[in-house]
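# An overview of the molecular structure
Next come the chains, spelled out residue by residue.
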Amino acid sequence: MTAMNIPKHVGIIMDGNGRWAQKKGAVRVYGHRFGTETVRTAISYASNAGIEYLTLFAFSTENWKRPQAEISAIMSLIAEYLDNETDEMDRNNVVLNFIGDLSMIPKDSLAAINRSVEQLRNNTGLKVNIALNYGGRDDITRSAKRIAEKVKHGELDINDITEKTLNDNLYLPVDCDLIIRTGAEKRISNFLTWQGAYAEIYFTDVLWPDFDDNEFENALRFYSERDRRYGGIKQ
């Protein structure tokens, strides 16, 4: 990869698994399974590129509207992926974190999550965040409730609440520099609503199972060529 300005934090909306499978005459679950291979590729690329945080949108708070069979398959695939890949992530010094409301996650999947997070917790390399049963608005609402509890119990004065206070009480208090969305849709779908307020957004028609190193590099090059002024003017 040629030299470029690398974002600290990249978020990816991994869209298109179902359509990819349907194009091949297969059931949607086949696309989700193949998409886990792309997760492995993306983590490896991000680690080698020097990205510090990679946040992957795996399952939104709205995805519970999908057919139960598809939901069950996704949850099982998460556990399978973690059981198969945690040792490799450990060898690559990856830290794993999950953001979102995990109270609704099936016990077997939650057990696999806890095992992986614990095994990787002391690593110092790429920090991979899996957004599971996650929604940006829910994230902000949760933060507001945590702040309200602190005010209620006298741990925080209401006059001391700032943007930083709200940010520090999010699942992930790290601004996102670049959001990538695969699958041709052009919206962020309630992903990192607060953290991505100033993110550059790269949309690609490539479906998630076909997202490879070349497409990841295209997204980073797009980011590197942006003039990020945060409301200022070009000098």
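Described in the following lines is the structure provided in the data block. Please read these numbers as outputs of a predicted model, since none were measured by experiment.

### Concerning the sheet that holds strand S3 (residues 95–99)
- Taken in spatial order, the 6 strands line up as S3-S4-S2-S1-S5-S6 in an open sheet, and their pairing is parallel. If you trace the sheet from one side to the other, it starts and ends with S3 and strand S6 (200–203), each paired once. Sheet twist, expressed as the mean angle between neighbouring strand axes with direction ignored, is 20°.
- Two strands pair when backbone bridges link them, and S3 and strand S4 (residues 127–134) are joined in this way by 5 bridges, in the parallel orientation. From the neighbouring strand, Ile 99 faces S4, where its bridge partner is Ala 131.
- Sitting on the sheet, helix H7 (residues 213–224) is in contact with strand S1 (9–13), strand S2 (53–60), strand S5 (178–181) and S6, with an inclination near 145° to S6.

### Focus on the layout of surface pockets
- Here the largest pocket defines a volume of roughly 730 Å³.
- In terms of lining, the largest pocket is formed by 33 residues, of which the most central are Met 14, Asn 17, Phe 57, Ala 58 and Phe 59.
- Of the residues contributing to the lining of the largest pocket, the split by class is 18 nonpolar, 9 polar and 6 charged.

### Some details on a nonpolar patch on the surface
- Together, Val 27, Tyr 30 and Phe 34 give the surface a local cluster of nonpolar side chains, amounting to about 290 Å² of exposed area.
- Tracing the chain through its elements places Val 27 in the loop between helix H1 (17–23) and helix H2 (28–49).
- Look at Val 27 and you get exposed, because its relative accessible area is 60%.

### Looking at the pairing of S2
- Within S2, 7 of the 8 residues are buried, which leaves it mostly tucked inside the rest of the structure.
- Sheet analysis places S1 next to S2, joined by 5 bridges and oriented parallel. Within S2, the position partnered with Ile 13 by the bridge is Phe 57.
- Where S2 meets S4, 7 bridges bridge the pair, whose relative direction is parallel. Paired with Leu 54 across the strands is Val 128, a residue of S4.

### Quick look at the packing of aromatic side chains
- Throughout the structure, instances matching the rule amount to 11 aromatic pairs.
- Ring centres 5.4 Å apart and planes at 55° place the aromatic pair Tyr 202 and Phe 222 in the tilted group. Of this pair, Tyr 202 sits in strand S6 while Phe 222 sits in helix H7; the two residues are 20 residues apart in sequence, bridging distant segments of the chain.
- Assessed through its relative accessible area of 14%, Tyr 202 is described here as buried.
- When its relative accessible area of 26% is taken as the criterion, Phe 222 is described as partly exposed.
- These aromatic residues form a ring-pair network of at least three members: Tyr 45, Trp 208, Phe 211 and Phe 216.

### Quick look at the packing of H2 against H7
- Viewed as axis vectors pointing N to C, H2 and H7 meet at an angle of 45°, and their least axial separation amounts to 10 Å. Comparing the axis directions of H2 and H7 gives the class oblique. Handedness of the H2/H7 crossing: right-handed. Across the interface between the two elements, Thr 41, Ala 42, Tyr 45, Ala 46 and Ala 49 from H2 touch Asp 213, Phe 216, Glu 217 and Leu 220 from H7.

### Looking at the environment of Gly 136
- On the secondary structure map, Gly 136 appears in helix H5 (residues 136–152).
- Look at Gly 136 and you get buried, because its relative accessible area is 0%.
- When the C-alpha atoms of Gly 136 and Pro 106 are compared, they prove to be 22 Å apart, with 30 residues separating the residues in sequence.
- Non-local contacts of Gly 136, meaning those with residues more than four positions away in its chain, are made with Asn 190 and Thr 193.

Conventions adopted
Residues numbered from 1 in each chain as written. Predicted model: local features only at pLDDT ≥ 70, side-chain atom pairs only at ≥ 80, totals over all residues. Heavy atoms only, no water. Pairing = 2+ DSSP bridges. Helix = DSSP H or I, 4+ residues; strand = E, 2+ residues; numbered from the N terminus. Axes fitted to C-alpha atoms, helices over the stretch in contact; angles between N-to-C directions. Contact = heavy atoms within 4.5 Å. 1 Å grid on protein atoms, 1.4 Å probe; cavity = no way out; pocket = protein on both sides within 12 Å on 5 of 7 lines; lining within 4 Å. Points joined across faces, edges and corners; volume = space filled by probe spheres on them. Nonpolar A, V, L, I, M, F, W, Y, C, P; charged D, E, K, R; others polar. Patch = residues over 30% accessible without salt bridge, like charges linked within 9 Å, V, L, I, M, F, W, Y side chains within 5 Å. Areas by Shrake-Rupley, 256 points an atom, 1.4 Å probe, with all protein chains shown as cover. Salt bridge = Lys/Arg side-chain N within 4 Å of Asp/Glu carboxyl O. Buried < 20%, exposed > 50% of the residue type's maximum accessible area, 1.4 Å probe, protein only. Phe/Tyr/Trp six-rings, centres within 6.5 Å; stacked < 30°, edge-to-face > 60°. Parallel < 35°, antiparallel > 145°, perpendicular 65-115°, else oblique. Left-handed = near helix turned anticlockwise from the far one by under 90°.

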